[in-house]
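# Examining the three-dimensional arrangement
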Amino acid sequence: MTDPILSDFLAPGVDADEVPELAALASARPLLDAFITLFRGTEAEVLMRLLVLREIGREADSPRWPPEALRARFTYLDPVKFETVLKRLRDNALLAIGEDGHYALSDIGRNAVAAIAMLLRFGEEEDAELGFLTAQLAGLQAVGGITPEALGHLLSKLNDLSWHFEEAIASGSEFRILDARRRLSANGRWLARGTDLLNTLLADPEVDFDIARIAQRIGLAQSRLARVDAAFQRALNKIEAQRVTLGASGVSSSDVAAWLRSLEAGAISGLAAAAIAAVPELPLLAGGHELLDRAEALLEGGPAATEADTRLPPPGDARAEVALQSEDLRLLEHFTDRLAALPEAQPLHRVVAGGGFALASYRLSLLALLADGAQAGPEDGPVGTFMRLPVDIEFGDTLSAVGADEIAAITQGEARPRTPAPVFAPPAASAPAARA
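Residues numbered from 1 in each chain as written. Predicted model: local features only at pLDDT ≥ 70, side-chain atom pairs only at ≥ 80, totals over all residues. Heavy atoms only, no water.

## With respect to the overall build of the protein
Quick note on the threshold: Secondary structure elements follow DSSP: runs of H or I of four or more residues count as helices, runs of E of two or more count as strands, with numbering from the N terminus. Note on classification: 1.4 Å probe, protein chains only; a residue is buried when its accessible area is under 20% of the maximum for its type, exposed when over 50%, partly exposed between these limits. Contacts are residue-level and defined by heavy atoms, with any inter-residue pair within 4.5 Å sufficient.
When its secondary structure is counted, the protein shows 18 helices and five strands. Across the 436 residues of the protein, 24% fall into the buried class. Within the protein, residue pairs in contact and separated by at least 24 positions form 59% of the contacts whose partners lie at least 6 positions apart.

## Focus: unusual backbone geometry
Most peptide bonds adopt trans geometry, and most residues besides glycine take a negative phi value. Positive phi outside glycine occurs at A93, with the angle close to 65 degrees. Classification of A93 as partly exposed rests on a relative accessible area of 44%.

## What to know about the nonpolar core
Put simply, the test is: Among buried residues, the Ala, Val, Leu, Ile, Met, Phe, Trp, Tyr and Cys ones that are joined through side-chain atoms within 4.5 Å form a nonpolar core.
Grouped together as the largest cluster of nonpolar side chains are 32 residues, with contacts concentrated most on L130, L151, L154, L158, F165, I218 and F232. Residue assignment for this core shows that the elements contributing at least two residues are α7 (128-142), α8 (148-171), α9 (174-186), α10 (188-202) and α11 (209-242). If one sorts the elements of this core by residue count, α11 sits on top with 11 residues. In this structure, L158 is in contact with L130, L191, I218, A221, Q222 and L225, ignoring residues within four places of it in sequence.

## Notes on the sheet that holds strand β3 (residues 346-347)
Keep this limit in mind: The pairing criterion is simple: DSSP has to find at least two bridges between the two strands.
Spatially, β3-β5-β4 is the arrangement adopted by the three strands of the open sheet, whose pairing is antiparallel. Single-partner strands in this sheet number two, and they are β3 and β4 (391-404). Pairing of β4 with strand β5 (residues 407-417), which is carried by nine bridges, proceeds in the antiparallel orientation. Among the inter-strand pairings, E394 is bridged to a residue of β5, identified as E414.

## A word on α9
What counts here: Take the number of residues in a helix, subtract one, and multiply by 1.5 Å to get its expected span.
Under the 1.5 Å per step criterion, the end-to-end length of α9 is 18 Å for 13 residues, consistent within 8% with the ideal 18 Å. Here α9 has its buried residues at E174, F175, I177, A180, R181, R183 and L184. Elements in contact with the buried residues of α9: α8, α10, α11, α12 (253-261) and β4.

## Details of the pattern of salt bridges
Applicable threshold: A pair is scored as a salt bridge if a Lys or Arg side-chain nitrogen falls within 4 Å of a carboxyl oxygen belonging to Asp or Glu.
Counted by the stated rule, this structure contains 11 salt bridges. A salt bridge links E45 to R49; the nearest nitrogen and oxygen atoms lie 3.7 Å apart. With E45 and R49 both in helix α3 (residues 43-58) and four residues apart, the pair spans about one turn of that helix. A salt bridge links E394 to R416; the nearest nitrogen and oxygen atoms lie 2.9 Å apart. Placement of E394 in strand β4 and of R416 in strand β5 is noted, with a sequence separation of 22 residues between them. Take E394: its relative accessible area is 42%, and that puts it in the partly exposed class.

See below:
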């Protein structure tokens, strides 16, 4: 079978010269042929060509290689396979041979190696695409060659990030929101550099109209991303309000979910094997004949089946729950007095410590409510008094080690007493002076 030609991909009656979108690609055919040479074939062949080409281009002080030096450099490769790779690169103009028989990278080969090196550099980081696109724009701006197409790639990436973050918030999953927040933080420096590029670009009064239009849309997309962190915090506050603490253990439903996410699928299915039944396991107390007799009686208009007793069981003793709730309120009142007497800013582990992990976890959950700043507590009672405390709570994104009072680590943060606004009294009127 022969390889398909370009006309095979076009509709009947359409010539390649009639498609303007192909013009830019057709004019760059030598560069495209270089990449076809590099990436055509099996994975092993592609890796060997890239390896040889990168190592030849790595030597900057003496970029010309005699054949003996090349063979000595690649002694770990099979000699026959190595010669085949050199011939493929040489025949397709990626390697050049001088009159002295020395090898060197051609201009197209060096451009290809430089492009691949940049992609590999950004490939080592999370969300490398935004960094690569921003660096590409910075280079184009330095040489005065920014195009609407290059700006369009950046705009598409920013819109994709916005869609990903909105999906994470709409999912209501604490873990997806935290992952999206980490991704936003990892892209923060690239967003800042992109903003600097746009400011410089839009400050030019002679900038092209298409470039300015896309640059403004990029600015709007970056503004949406700058506001999404507040949306993350609001979503996390809602999840915090719905979080359930398992008894007095200090372990919350989020802790259980995080632990389950760390398990493999086999371990989770093992946990569910004894807790979930696919079919009812009650014994069948009636046989086929009994069921048939019952059905015949109903069809003939016999007495209806006795209705099941649907009355609720008598209420149980709730004294234990009342005692537990009273104990929680006493802890809340004690913690309220403790925060009200806070003399200065204190780290979170000092504020919540005391009495072990369970009590510290309870106090930390109360601080999470106070950090919302909604002031929406009831007017009366200990909860309302706590919500109106003049104390600001700030949570960080990292953990700080504690190693005391059954607490190994805690979310980094600080509790600060709110400084009252100064009251300025009007200046006193000066008394009239008596004159002699």
